[in-house]
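Per-entry structural report
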Amino acid sequence: PSPLLSALPPPAPMACSAAFFHTIAVSAPAGPQLVNPAQPWGRPLPKTGVAAQVELVIATGQAEVSGLTIGALLKRPLISVAVPVRSGQTVTYVMTGVLLPSRLQKIISNSSQPADRIIAIFDKSSIIAARSHDTALLLGACVAPTLPA
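Values in this document were obtained by computation on a predicted structure and should not be read as measured data.

1. As for a nonpolar patch on the surface
A contiguous nonpolar patch, built from Leu 34, Val 35, Val 85, Tyr 93 and Met 95 and spanning about 390 Å² of accessible area, is present on the exposed surface. Secondary-structure elements contributing two or more residues to the nonpolar patch are strand S2 (33–35) and strand S6 (90–99). Structurally, the position occupied by Met 95 is in strand S6. Residue classification places Met 95 among the partly exposed positions, given a relative accessible area of 34%.

2. Structural notes on the pattern of salt bridges
Inspection of the entire model under this criterion finds 1 salt bridge. Salt-bridge contacts for Glu 64 lead to Lys 124; the nearest nitrogen and oxygen are separated by 2.6 Å. Placement of the pair is Glu 64 in strand S3 (residues 64–65) and Lys 124 in the loop between strand S7 (120–122) and strand S8 (128–131), with a sequence separation of 60 residues. What makes Lys 124 exposed here is its relative accessible area of 58%.

3. Notes on helix H2 (residues 51–60)
Taken together, the buried positions of H2 are occupied by Gln 53, Val 54 and Val 57. For H2, the buried positions fall inside an angular range of 100° around the axis, keeping them on one side. Turned more than 90 degrees off the buried face of H2, the exposed positions are Ala 52, Glu 55 and Ala 59. Looking at the buried positions of H2, the neighbouring elements they touch are S3, strand S5 (77–87) and S6.

4. Quick notes on the side chain of Asn 36
With respect to the helices, strands and loops of the structure, Asn 36 is situated in the loop between S2 and H2. Classification of Asn 36 as buried rests on a relative accessible area of 10%. Of note is the side chain of Asn 36, whose polar atom sits 2.7 Å from the side chain of Gln 33. Excluding residues within four positions of it along the chain, Asn 36 makes contact with Thr 23, Ile 24, Ala 25, Leu 45 and Leu 73.

5. Focus on the pairing of S5
As defined by bridge partners, S3 adjoins S5 across 2 bridges and the pair is classed as antiparallel. The partner of Val 65 across the bridge, within S5, is Val 81. Remark: 6 residues form the turn of the hairpin made by strand S4 (residues 69–70) and S5, two consecutive strands paired antiparallel; Lys 75 in that turn has positive phi of roughly 55°. Examined bridge by bridge, S5 and S6 share 9 bridges and lie antiparallel to one another. What sits directly across from Ile 79, in S6, is Leu 99. The hairpin formed by S5 and S6 contains 2 residues between the paired strands, and Gly 88 there has a positive phi angle of roughly 70°.

6. Examining the confidence of the model for the protein
Taken as a whole, the protein shows an average pLDDT of 80; of its residues, 85% reach a score of 70 or greater. Across residues 1–18, confidence stays below pLDDT 50; counting only partners more than four residues off in sequence or on other chains, it has 10 contacts.

Reading the values: rules and limits
Residues numbered from 1 in each chain as written. Predicted model: local features only at pLDDT ≥ 70, side-chain atom pairs only at ≥ 80, totals over all residues. Heavy atoms only, no water. Patch = residues over 30% accessible without salt bridge, like charges linked within 9 Å, V, L, I, M, F, W, Y side chains within 5 Å. Areas by Shrake-Rupley, 256 points an atom, 1.4 Å probe, with all protein chains shown as cover. Salt bridge = Lys/Arg side-chain N within 4 Å of Asp/Glu carboxyl O. Helix = DSSP H or I, 4+ residues; strand = E, 2+ residues; numbered from the N terminus. Buried < 20%, exposed > 50% of the residue type's maximum accessible area, 1.4 Å probe, protein only. Arc of directions from axis to C-beta. Contact = heavy atoms within 4.5 Å. Polar contact = N/O pair within 3.5 Å; in protein donor to acceptor, adjacent residues only side chain to side chain. Pairing = 2+ DSSP bridges. pLDDT = per-residue confidence, 0-100.

In structure tokens form, the structure reads like this:
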């Protein structure tokens, strides 16, 4: 493992539940959202803001985690975790859990790291999704290119 990772204590156990996500949406294969509790009942739902991710989940049948993006409905930064919903062998829907950077920030804040350590969570494109210091200033910025993996 990376020297940076080996210096950190093991993570505290955390139950994965719907409370971990801000909201959970269900989309049809063509992309329209069918259910999204973040939208008041009766209002039309927009097309998903992660259409490429939904298409990938449908094509591969595998779960996919997005990079930091702006949500179509929430209009703020988020990370989505999309999983296939199957009927037999066919992917019929995609269920997407929306994770806000504030949730990641809370996980960092609850860690027992010394105050002089900087902890960052970044996506697969090296975009900062949460940080222990100056998060509001650096959310969405690229990590330093010299940061070791």
